[in-house]
Amino acid sequence: MATLIRGKISNKITNAANTMSNKSQAKVSGMFARMGFQAATDEEGLGFAACDDLDYDHRQGLQMDIMKNEEMGGGEGSGDMGGDGTMDGDSHYQRDGTGPPPSSSKDGGLCAELAASDKPKITAWEAGWNVTNAIQGMFVLGLPYAILHGGYLGLFLIIFAAVVCCYTGKILIACLYEENEDGQLVRVRDSYVDIANACCAPRFPTLGGRVVNVAQIIELVMTCILYVVVSGNLMYNSFPTLPVSQRSWAIIATAVLLPCAFLKNLKAVSKFSLLCTLAHFVINVLVIAYCLSRARDWAWDKVKFYIDVKKFPISIGIIVFSYTSQIFLPSLEGNMQNPGEFHCMMNWTHIAACILKGLFALVAYLTWADATKEVITDNLPGGIRAVVNLFLVAKALLSYPLPFFAAVEVLEKSFFQDGGRAVFPDCYGGDGRLKSWGLSLRCALVVFTMFMAIYVPHFALLMGLTGSLTGAGLCFLLPSLFHLRLQWRQLQWHQVFFDVAIFVIGGICSISGFIHSLEGLIEAYRYNIED
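Residues numbered from 1 in each chain as written. Predicted model: local features only at pLDDT ≥ 70, side-chain atom pairs only at ≥ 80, totals over all residues. Heavy atoms only, no water.

1. Quick notes on the overall build of the protein chain
- Per the secondary structure count, the protein chain includes 17 helices and 2 strands.
- Restricting to contacts in the protein chain with at least 6 residues of sequence separation, those with at least 24 account for 78%.
- Accessible surface computed for the protein chain: about 27000 Å², of which carbon and sulfur atoms make up 65%. (Helix = DSSP H or I, 4+ residues; strand = E, 2+ residues; numbered from the N terminus. Contact = heavy atoms within 4.5 Å. Areas by Shrake-Rupley, 256 points an atom, 1.4 Å probe, with all protein chains shown as cover.)

2. Considering the nonpolar core
- Within the largest apolar cluster, 120 residues are counted, with the highest numbers of intra-cluster contacts made by Tyr-192, Ile-319, Tyr-323, Phe-328, Tyr-400, Phe-404 and Phe-482.
- Excluding residues that lie within four positions of it along the chain, Ile-319 makes contacts with Leu-143, Ala-146, Gly-154, Leu-157, Ile-158 and Ala-161. (Core = buried A, V, L, I, M, F, W, Y, C linked by side-chain atoms within 4.5 Å. Buried < 20%, exposed > 50% of the residue type's maximum accessible area, 1.4 Å probe, protein only.)

3. Side note on the packing of helix 7 (residues 207–238) against helix 14 (residues 401–415)
- One way to put it is that helix 7 packs onto helix 14 with a least axis distance of 9 Å and a crossing angle of 150°. With respect to their mutual orientation, helix 7 and helix 14 come out roughly antiparallel. Every pair of crossing elements has a handedness; the one defined by helix 7 and helix 14 is left-handed. Together, Asn-213, Gln-216, Ile-217, Leu-220, Thr-223, Cys-224 and Tyr-227 of helix 7 and Pro-403, Phe-404, Ala-406, Ala-407, Val-410, Leu-411 and Ser-414 of helix 14 make up the contact between the two elements.
- Across the contact of helix 7 with helix 14, the residue classes tally to 10 nonpolar, 4 polar and no charged. (Axes fitted to C-alpha atoms, helices over the stretch in contact; angles between N-to-C directions. Parallel < 35°, antiparallel > 145°, perpendicular 65-115°, else oblique. Left-handed = near helix turned anticlockwise from the far one by under 90°. Nonpolar A, V, L, I, M, F, W, Y, C, P; charged D, E, K, R; others polar.)

4. Quick look at unusual backbone geometry
- Here Ala-201 and Pro-202 are connected by a cis peptide whose omega angle stands at 5°.
- Secondary-structure assignment places Pro-202 in the loop between helix 6 (192–200) and helix 7.
- Residues other than glycine seldom take positive phi values, yet Ala-369 does so here, at roughly 50°.
- By the element assignment, Ala-369 lies in the loop between helix 12 (342–368) and helix 13 (382–399).
- The exposure class assigned to Ala-369 is buried, which follows from its relative accessible area of 9%.

5. Some thoughts on the side chain of Ser-231
- For Ser-231, the location among the structural elements is in helix 7.
- Polar contacts involving the side chain of Ser-231 include one to the main-chain carbonyl oxygen of Tyr-227, which spans 2.7 Å.
- Residues in contact with Ser-231, not counting those within four places in the same chain, are Ala-253, Val-393, Ala-396 and Leu-397. (Polar contact = N/O pair within 3.5 Å; in protein donor to acceptor, adjacent residues only side chain to side chain.)

6. Considering the packing of aromatic side chains
- For the coordinates displayed, the defined rule picks out 9 aromatic pairs.
- Considering the side-chain rings of Tyr-290 and Trp-368, the 5.9 Å spacing of their centres and the 15° angle between planes classify their relative orientation as stacked. Separated by 78 residues along the polypeptide, Tyr-290 in helix 9 (residues 266–293) and Trp-368 in helix 12 bring together distant segments of the chain. Side by side, Tyr-290 and Trp-368 carry an identical accessibility label, which is buried.
- Ring geometry for Tyr-400 versus Phe-404: centroids 5.7 Å apart, planes at 25°, classification stacked. Grouping residues by exposure puts Tyr-400 and Phe-404 together as buried.
- An aromatic cluster of at least three residues, connected via ring pairs, comprises Tyr-167, Phe-497 and Phe-498.
- The ring of Tyr-323 is capped by Lys-357, whose NZ or CZ atom sits 3.5 Å from the centre of that ring. (Phe/Tyr/Trp six-rings, centres within 6.5 Å; stacked < 30°, edge-to-face > 60°. Lys NZ or Arg CZ within 6 Å of the ring centre and 35° of its normal.)

See below:
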């Protein structure tokens, strides 16, 4: 009896000593965290210590069960492995609790993996074509107009925006990942919305996602509208003798775009992006070749070091909007065959875009100087303009599917596929096919972009307004804010400085650009100025 009592007392003393040791280690970890050696606070260290104690007890109990099963001859196939090939006792703790929900059955994880494997994946090159199509798209046509009002500062901003957008794209993807207990990065979020919700949790778990959804929808739909606007503008200026107005050309372009409602996955969109890139290459070659033929007349003295205070904020919005791709990046990275190639893909796409945009904008402005128009191809002589504009219209129509597909995905997930929180019933049937009314809504979205293009036919002002309102928010403000919020304890001082600087500069540019673009639109309607 005395031996039993001594054994119990000894066990209690040992457990108490272990607990105190764990707490002491946690406090030391917290002290080193404040010195920058480890990303953990005192409270988190105590929480992890408690989790480790529970995990140790669970493993010990599990090991005893396994030993008993082996003694009883049930060692083979005793079911100690989960459906994902790990022990049931394994558990991964995450600081914000945003890890994927556990499967309701052991077969659930396997089914999810099989479903994911059936989804078509894209290579780094295909992802690069999509990003290139987004940042090296139609909106490069407005960059010479930005040089007109910004001079050399406009050129600097083209380079600066490329560097910043490349950086914010990378930190946005970093926010999708968390480290598990083994120090390995695990993708615990799937979209921009998931990142925003994680930042606002636990007080407002859905507020961030709603804000991002609204910004994404505005950005994507405005991009689609701009493609229709520029298609109508280019066709009208290519064939001015035909009795067809710019609005009528916009309606014709919309009729061509209606099949976009039948798009099913990103693989088909990537093929359009490749064709867009080829068309864009032909356009650049033709425009730059014409500009080089007039190199003797280049007006170097017209490139100024001062800026037009009233018009330059609009140019900032144009430059920023020409680099917007962040809303596509989580989906692209998640669909890549090798996500480890994402950073390399971002580097070469933005370097190429920066060089081509800078050269295109400078050479075009030097050729026409103060006569530079909002859409630079309108400066070309009649014959060349018609050929270039036809390529541009083809590029605009081929570029339309990417933002349209992304907008449809956001709308469907927000209103039709959000589990029990969906506002409307699922637009897909049990066999995965799109229901007829869901297809009708997609067609309605295409028609909506047509009506907006008809009633707001001002390409540069729309581009500047969208870039200032949602482009700066999604490319500068939110990625830097989310990075600070979710990765604060892993960041070095220079990363914190970059994030804060990007947030401040982006906020100033966004507010000033939005105000001046809005004033420009009001002035255009007041005096009935045509684009």
